[in-house]
Every structure is written in structure tokens, then in C-alpha cells.
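Examining the three-dimensional arrangement
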Amino acid sequence: MAKFEPKLDADAVNALLRRAFPDAEGAFPTATSVEPGRVRMLAPYRDGLLRPGGVISGPVLMSLADTAAYVLVLAHIGDQLMAVTSQLNMSFLRGAKPGDLHAEAEMLRLGRRLAICDVRIWTEGPDRLAAQANVTYALPS
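Presented here is a report on the structure given in the accompanying data block. (Residues numbered from 1 in each chain as written. Predicted model: local features only at pLDDT ≥ 70, side-chain atom pairs only at ≥ 80, totals over all residues. Heavy atoms only, no water.)

Description of helix α1 (residues 10–20)
- Looking only at α1, the buried set comprises A10, V13, N14, L16 and L17. The arc that holds the buried residues of α1, viewed along the axis, is 155°, so those residues lie on one side. Seen from the buried face of α1, the exposed residues on the opposite side, beyond 90 degrees, are D11 and R19.
- The elements touched by buried residues of α1 are β1 (30–35) and α2 (58–77).
- Among the residues of α1, the N-terminal cap falls to D9, whose side-chain oxygen and the backbone nitrogen of D11 are separated by 3.3 Å. (Buried < 20%, exposed > 50% of the residue type's maximum accessible area, 1.4 Å probe, protein only. Helix = DSSP H or I, 4+ residues; strand = E, 2+ residues; numbered from the N terminus. Arc of directions from axis to C-beta. Contact = heavy atoms within 4.5 Å. Polar contact = N/O pair within 3.5 Å; in protein donor to acceptor, adjacent residues only side chain to side chain.)

See below:
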């Protein structure tokens, strides 16, 4: 299995996002931990996330998956903000009940041009996933 070494810890990657996107203060989920090949994210629940039917909307989950993958990539390549999403495939596994959203992203491959990540999202617990995504990022050359 590949060994991944982060260049930024959770505090550093959160600070990087605040500097890079000052107008989005409070809009980004927070990285709660960075480990080799893995990050954990928290997006606090707030009004406006629900769709009809009382579950958190799909676009919110997709945004969290993309952000978690971006944070994972930045944590491992450093301050290279021009990494961009090139593919996101999302599977919705069950309705995400109202509550704080948690995401865990795992690096599957980190190459010279692409980073491939697996992201799992839940509100009730990691044993009751609401969604899973495979996200590929194109890396700056």
C-alpha cells in the first residue's frame, strides 16, 4: 500500500482555505484531523440544508465530498490551490438525517497529475453511511 505523508495539518489547511476564500467565511466545513492518506471533516448542521422530505439535500452532500477531497489533496501537496476537480461520482446510500455532517476522505492514489480519493459521508454514524463518492483531482503542473 502506498505511503502518504501530509505536508499540512488540520489547522494549516483550515487557515489556507480561509486565506484563499475570504468571502466564504463559515461556508467551508472544517478539517478536524489530517493523517497520512486521510482527513476527517465536520460540517455543522444549519437551517436551509434540508430538501422536501426532511433529509439533507444531495447538492450539500456533493459539495462536502468535493471539499473533503480538496482538503485531502491540499494536505498532501501543500499550498497549491490550483488543484481542480476533474471527476466526481456520487452514490447516495440513504437519506442523511438532519444533524452535523461528517466526512472521511482517503487517498487512493497520489500521482504527478492526478489524485484519486474515496469520500464517505454520514450524519448518524460511520456505520450508517448516507453517501460515498470517488473524486479525482487534476494537480497543477
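That shown, we press on.
Examining the pattern of salt bridges
- Inspection of the entire model under this criterion finds nine salt bridges.
- One salt bridge connects E104 with R38, and the closest N-O pair in it is separated by 2.9 Å. Highlighted residues: E104 in strand β6 (residues 101–110) and R38 in strand β2 (residues 38–43), separated in sequence by 66 residues.
- As a salt-bridge pair, R38 and E106 come within 3.8 Å of each other at their nearest N and O atoms. (Salt bridge = Lys/Arg side-chain N within 4 Å of Asp/Glu carboxyl O.)

Considering the nonpolar core
- If you look at the biggest cluster of nonpolar residues, it comprises 42 residues, and the most contacted ones within it are V39, M41, L61, V73, V119, I121 and Y137.
- Every element with two or more residues in this core is listed here: α1, β1, β2, α2, β6, β7 (114–122) and β8 (131–138).
- The leading source of residues in this core is α2, at twelve residues.
- With near-sequence residues (within four places) excluded, Y137 lies in contact with D66, A69, Y70, V73, A83, V84, T85, S86, R113, L114 and A115. (Core = buried A, V, L, I, M, F, W, Y, C linked by side-chain atoms within 4.5 Å.)

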